[in-house]
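A look at the structure
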Amino acid sequence: QVQLVESGGGLVQAGGSLRLSCAASGRTFSTYGMGWFRQAPGKEREFVAAIRWGGVRTYYADSVKGRFTISRDNAKNTVYLQMNSLKPEDTAVYYCAAVLTWADITVPERYDYWGQGTQVTVSS
């Protein structure tokens with residue numbers, strides 16, 4: 001069982017930065033791949049970024065590539081999402097999620113555990 005708690009969301013102007021954190025419970029955190037998703041009002045939940053358990057392999061949605069960076073600290077049971085050059089279209093609730101089987105990692109249904117989400121609002 002893994003419990004996930006996101007933090008770090010807020011209101012920021014376009015061009016600004018935020019760093020999201022996701023703290024995980026459980027001693028098996030390092031065996032899970034971790035992902036970030038987001039969901040804007042009236043839209044489906046979409047993949048943002050993912051990182052494998054070792055922290056070396058990372059994957060990004062084209063819409064955030066070059067602006068967002070995912071990382072993890074297994075000693076702290078925490079995964080991060082550094083978001084730079086934010087745009088109004090990045091406004092959404094951001095969720096972190098844990099996946100045990102690394103396959104189809106852009107598909108929300110593949111993930112085993114989810115956090116409650118944190119709101120990110122980017123003003124123009």
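See the structure shown above.
Throughout what follows, the structure given in this document is the object of discussion. What you see as residue numbers is a count from 1 along each chain, following the sequence as written. With pLDDT at 70 or above as the cut-off, local features in this predicted model cover only qualifying residues; side-chain atom pairs require 80 or more to be listed or tallied, and sums for whole chains, interfaces and linings still use all residues. Based on all heavy atoms of the structure, the side-chain values leave hydrogens and waters out of the count.

What follows is about the pattern of salt bridges. For this document, the term salt bridge refers to a Lys or Arg side-chain nitrogen within 4 Å of an Asp or Glu carboxyl oxygen. Using the criterion set out here, one finds 4 salt bridges in the structure. Note that R38 is salt-bridged to D90, the shortest N-O span being 2.9 Å. Here R38 is found in strand β4 (residues 33-39), whereas its partner D90 is found in the loop between β8 (78-83) and β9 (92-99), with 52 residues between them in sequence. Relative accessibility decides the category of a residue: with a 1.4 Å probe and only protein chains considered, values under 20% of the type maximum give buried, values over 50% give exposed, and everything between is partly exposed. R38 sits in the buried class, given a relative accessible area of 5%. Notably, a salt bridge pairs D90 with R67, separated by 2.8 Å at the nearest N-O pair. Of this pair, D90 sits in the loop between β8 and β9 while R67 sits in the loop between β6 (58-60) and β7 (68-73), and the two are 23 residues apart along the sequence. In this structure, a network of salt bridges that share partners links the residues R38, E46, R67 and D90. Only runs of H or I of at least four residues qualify as helices and only runs of E of at least two qualify as strands under DSSP, and these elements are numbered from the N terminus.

We now examine the packing of aromatic side chains. When the centres of two rings from Phe, Tyr and Trp lie within 6.5 Å, Trp using its six-membered ring, the rings pair. Their planes under 30 degrees apart give stacked, over 60 give edge-to-face, and anything left gives tilted. Within this structure, the stated rule accounts for 8 aromatic pairs. Plain terms: the ring middles of Y32 and Y113 are 6.0 Å apart, the flat faces sit at 70° to each other, and that makes the pair edge-to-face. One end of the pair, Y32, is in the loop between β3 (18-24) and β4; the other, Y113, is in strand β10 (residues 113-114), and 81 residues separate them in sequence. By relative accessible area, which is 8% here, Y32 ends up buried. Centre to centre, the rings of F37 and Y111 are 5.0 Å apart; their planes meet at 85°, and the pair counts as edge-to-face. Taken together, the positions of F37 in strand β4 and Y111 in the loop between β9 and β10 put the pair 74 residues apart, joining distant regions of the chain. Here the aromatic cluster, defined as three or more aromatic residues joined through ring pairs, consists of F37, F47, Y95, Y111 and W114. Cation placement over rings: the criterion is NZ of Lys or CZ of Arg within 6 Å of the ring centroid and within 35° of the ring normal. The side chain of R45 reaches across the aromatic face of W114, ending 4.7 Å from its centre. Sitting over the ring of F29, R72 keeps its end group 4.5 Å from the ring centre.

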